[in-house]
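Working through the structure, step by step
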Amino acid sequence: MNGSFWANPQTHVKSLNKHVVVDLIRFVPGGISRAELSRHLGLTRAAVSSIINDLSGAGMVQEASGSNSSGRRPAVLEIVAEQGYVVGVDMGATHITALVADYSARVIREREIAIDINLGPEVCLEQLDRVVQQVVAEAGLQMVDINAIGLGVPGPVVIDRGVVSAPPIMPGWDDFPIRDTMQKKWGCTVRINNDAELGALGEWAYGAGRGESNLAYIKVGSGVGAGLMFDSNIYHGTTGSAGEIGHITLSENGPLCTCGNRGCLEAYAGGNAIAKRAMEEVKRGRRTQLVGFGDFYRITAKDVIMAARNGDLLSQQILAEAGSHLGTAIASLVNLFNPSIVVVGGGVAQSGDLLLDPIRSTVGNRSLAVAAKAVRISSALLGRRASAMGAVVQALSHSLHQFVE
Ligand SMILES: [Zn+2]
């Protein structure tokens with residue numbers, strides 16, 4: 001605690017309120033006016049005006065143009081978009097998505113490449129650097145124009161050290177200084193989070209969960225993970241591994257999982273498990289369109305989703321079973337955590353209602369009525385962009401709050 005806090009507590013309170021005002025302007029769906037701010041914060045109109053004058057004097061906030069045109073609603077406030085730029089990156093097991101966004105979180109440019117996380121940090125971080133430099137150049141910017149970069153990784157993150165800790169699907173990455181390496185390379189602040197946490201944050205800020213306080217985001221990709229928002233904040237847990245729903249045990253003697261245990265949700269419902277199941281059925285001689293997909297040792301979850309959409313019964317059945325397993329685990333999560341919304345995202349969620357309907361009915365049957373009635377189960381509105389948009393939120397939080405004294 002520094003001296004100025006005690007010397008002038010009123011300045012400190014005003015500064016705290018400024019941070020809250022900045023976040024309300026960023027995140028209230030439909031925007032917020034001066035009058036609504038004063039009601040929401042219990043501050044006088046004069047106090048709110050003083051805060052807004054400071055923020056607009058710093059070039060951060062302005063009255064949204066055109067928001068007054070109906071004459072029924074006072075002008076809402078907005079962040080000045082052109083004030084600066086950030087990058088949001090989602091690094092998954094098999095892809096990197098990088099977005100350049102302005103300060104209003106509008107995406108200017110996007111690029112996605114395929115990677116293999118098993119190749120380890122030296123190779124993958126080189127690819128990461130290249131795709132970020134590329135997307136920044138395509139946006140007509142230089143790295144010095146980028147104020148901060150948010151980065152999602154598919155493992156448990158130790159936030160204050162910027163490393164991943166014993167990640168089940170990232171061999172060779174344990175304790176590697178990801179944040180420090182990239183900060184040195186990029187010359188700006190880098191914030192690292194778990195990819196499912198960022199999916200939760202992205203969907204909460206700009207997607208299906210806008211305006212909700214308690215949200216769970218389930219990322220069904222090659223593996224299965226969850227991000228949790230409690231009272232509009234990411235819940236990391238003690239060591240950053242909260243939300244590892246993929247390693248909840250569904251059956252004590254079930255199939256072997258990447259984490260070394262048996263019968264985990266991920267071993268039944270992750271993309272890799274779905275692909276494996278399909279290959280086994282094809283080998284067994286089941287009638288299916290998947291036979292036409294060529295080498296059945298290379299059937300992917302994507303192939304299963306495509307065939308299911310095409311009316312293939314086996315593929316539909318495999319996805320429905322995965323959905324029902326997901327529903328069993330989500331029902332426990334709903335009982336424990338009582339969220340108002342569960343958002344299902346990640347590559348496998350591209351199968352839509354084929355996966356969501358069995359999730360909904362299993363949650364309805366298996367969780368307590370009082371919790372099941374309160375929860376909405378929705379697919380991710382931001383689709384594959386959810387985690388990268390969460391990374392944009394993190395980068396913007398750093399950039400915008402940096403300027404508030
Ligand atoms: Zn496991």
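Residues numbered from 1 in each chain as written. Predicted model: local features only at pLDDT ≥ 70, side-chain atom pairs only at ≥ 80, totals over all residues. Heavy atoms only, no water.

**So, the coordination of the zinc ion**
For a metal with four tetrahedral donors the ideal donor-metal-donor angle is 109.5 degrees, while six octahedral donors give ideal angles of 90 or 180 degrees. The line we're drawing: A donor here means any N, O or S atom no more than 2.8 Å from the metal (3.2 Å for Na, K and Ca); water is not included, so a site may seem to lack partners. In these descriptions, tetrahedral denotes four donors with every angle between 85 and 135 degrees, square planar four donors and octahedral six donors with opposite donors over 155 degrees apart and the rest between 65 and 115, and irregular any other case.
Looking at the zinc ion, one finds its protein donor set to be H247 (ND1), C257 (SG), C259 (SG) and C264 (SG), positioned 2.0 to 2.3 Å from the metal centre. Metal-centred angles of 103 to 124° between the four donor atoms at the zinc ion mark the site as tetrahedral. Considered as a linear motif, the donors of the zinc ion on their single chain read H-x9-C-x1-C-x4-C.

**Topic: the packing of aromatic side chains**
When we look at a pair of aromatic rings, we describe it by the centre distance and by the angle of the planes. Cut-off, in case you're wondering: For this analysis, a ring pair means two rings from Phe, Tyr or Trp (six-membered ring only for Trp) whose centres lie within 6.5 Å, classed as stacked if their planes differ by under 30 degrees, edge-to-face if by over 60, and tilted for the remaining angles. Starting at the N terminus, helices and strands are each numbered in turn, a helix being any DSSP run of H or I of at least four residues and a strand any DSSP run of E of at least two.
This structure, assessed with the given rule, holds three aromatic pairs. Taken together, a centroid distance of 4.8 Å and an interplanar angle of 55° make the contact between F27 and W204 tilted. Here F27, found in helix α2 (residues 9-27), pairs with W204, found in helix α7 (residues 195-206); they are 177 residues apart in sequence, far enough to count as distant. Considering the side-chain rings of F230 and F337, the 4.6 Å spacing of their centres and the 85° angle between planes classify their relative orientation as edge-to-face. Residue F230 is located in strand β11 (residues 224-230), and its partner F337 is located in helix α11 (residues 313-337); the two are separated by 107 residues in the primary sequence.

**Here's the deal with the side chain of E281**
The test is simple: Per-residue accessibility, obtained with a 1.4 Å probe over protein chains only, is compared with the maximum for each type, and a residue is labelled buried under 20%, exposed over 50%, and partly exposed between these values. The contact definition used throughout considers only heavy atoms, calling two residues in contact when any of these lie within 4.5 Å.
Take E281: it is sitting in helix α9 (residues 271-283). On the basis of relative accessibility, which here comes to 5%, the residue E281 falls in the buried class. Setting aside its immediate chain neighbours within four residues, E281 contacts R286 and L314.

**Here's the deal with unusual backbone geometry**
Its identity as a non-glycine residue notwithstanding, D175 has a phi of 70°, on the positive side. For D231, which is not a glycine, the phi torsion comes out positive at approximately 45°. For D231, the location among the structural elements is in the loop between β11 and β12 (233-234). Overall, D231 belongs to the exposed group, its relative accessible area being 60%.

**Details of the pairing of strand β6 (residues 146-153)**
Where we set the bar: Strand pairing is defined by DSSP finding a minimum of two bridges between the two strands.
Of all the eight residues making up β6, seven are buried; the element is thus mostly covered by neighbouring parts of the structure. With six bridges joining them, strand β3 (residues 85-91) and β6 adopt parallel strand pairing. Along β6, the bridge assignment pairs V89 with L151. Pairing between β6 and strand β9 (residues 189-194): six bridges, direction parallel. The residue bridging V153 from the neighbouring strand is N194, located in β9.

**Quick notes on the sheet that holds β6**
Within a sheet, adjacent strands bond to each other through the backbone by hydrogen bonds, running parallel or antiparallel. We apply this condition: Here the axes come from fitting lines to C-alpha atoms, over the contacting stretch only for helices, and the angles between their N-to-C directions go from 0 to 180 degrees.
A sheet is described by the order of its strands in space; here five strands give the open sequence β5-β4-β3-β6-β9, paired in mixed fashion. The strands lining the two open edges of the sheet, one partner per strand, are β5 (107-114) and β9. Across this sheet, the average inter-strand angle for adjacent strands is 15°, counted without regard to direction. Helix α5 (residues 121-138) rests against β3, β4 (95-102), β5 and β6 of the sheet, and its axis sits at about 150° to β5.

**Looking at the packing of helix α3 (residues 34-41) against helix α4 (residues 45-57)**
Where we set the bar: The handedness criterion is simple: a crossing whose near helix is rotated anticlockwise from the far helix by less than a right angle is left-handed, and one whose near helix is rotated clockwise is right-handed. Under this grouping Gly is polar, as are all residues other than the nonpolar Ala, Val, Leu, Ile, Met, Phe, Trp, Tyr, Cys and Pro and the charged Asp, Glu, Lys and Arg.
As a packed pair, α3 and α4 sit with axes 9 Å apart at the nearest point and diverge in direction by 115°. Classified by chirality, the crossing of α4 by α3 is right-handed. For the pair α3 and α4, contact is made by R34, A35, L37 and S38 and by R45, V48, S49, I52 and N53, respectively. Split by residue class, the contact of α3 with α4 holds four nonpolar, three polar and two charged.

**Points about the domain arrangement of the protein**
The cut-off we apply is this: Domain start and stop points were drawn from an automatic or database domain assignment. Note: buried area is the sum, over both parts, of the accessible area (probe 1.4 Å) each one loses when the two are combined. Counted as salt bridges are all cases of a side-chain nitrogen of Lys or Arg within 4 Å of a carboxyl oxygen of Asp or Glu. Here a polar contact is taken to be a pair of N or O atoms separated by no more than 3.5 Å, where protein atoms must pair a possible hydrogen donor with a possible acceptor and residues adjacent in sequence count only if both atoms sit in side chains.
Examined at the domain level, the protein breaks down into domain 1 (3-79), domain 2 (84-202 + 386-402) and domain 3 (209-380). Contacts between the two partners involve seven residues from domain 1, matched on the other side by seven residues from domain 2. With both chains or domains summed, domain 1 and domain 2 bury close to 600 Å², and 61% of this area falls on carbon and sulfur atoms. Among the residues domain 1 hides against domain 2, the three largest losses belong to H19, R26 and I79. Together they make up 68% of the total. There are zero salt bridges connecting domain 1 and domain 2. Remark: the boundary between domain 1 and domain 2 carries four residue pairs in polar contact (both at pLDDT 80 or more).

**A word on the pattern of salt bridges**
Following the criterion strictly, the structure yields 21 salt bridges and no others. A salt bridge links D102 to R106, with the nearest nitrogen and oxygen atoms 3.2 Å apart. Given a relative accessible area of 53%, R106 falls into the exposed group. Of the charged contacts in the structure, one is a salt bridge between R179 and D180, with a shortest N-O distance of 3.2 Å. Since its relative accessible area comes to 18%, R179 is described here as buried. Linked through salt bridges whose partners overlap, the residues forming this network are R277, E281, R284, R286 and E321.

**Description of the sheet that holds strand β13 (residues 341-345)**
Strand order in the open sheet made by the five strands is β12-β11-β10-β13-β14, with mixed pairing throughout. Of all strands in the sheet, those bounded by a partner on one side alone are β12 and β14 (376-379). Taken together, the two bridges between β11 and β12 define a ladder with antiparallel strand orientation. When the bridges of β12 are listed, M229 appears paired with I234. Together, β10 (215-220), β11, β12 and β13 form the strand contacts of α7, whose direction differs from that of β11 by roughly 50°.

**Some details on the nonpolar core**
The condition that has to hold: Residues belong to one nonpolar core when they are buried, are Ala, Val, Leu, Ile, Met, Phe, Trp, Tyr or Cys, and are joined through side-chain atoms within 4.5 Å.
Core analysis: the largest hydrophobic core is formed by 42 residues, its most contacted members being I218, I245, L326, I330, V342, V344 and I359. Elements supplying a minimum of two residues to this core: β10, β11, α9, α10 (301-309), α11, β13 and α12 (353-366). The element that contributes the greatest number of residues to this core is α11, accounting for 10 residues. With residues near it in sequence (within four places) discarded, L326 still touches V220, V224, L265, A269, L355 and I359. In terms of nonpolar packing, the next biggest core, distinct from the first, is built from 32 residues, M91, A98, C124 and V153 among them.

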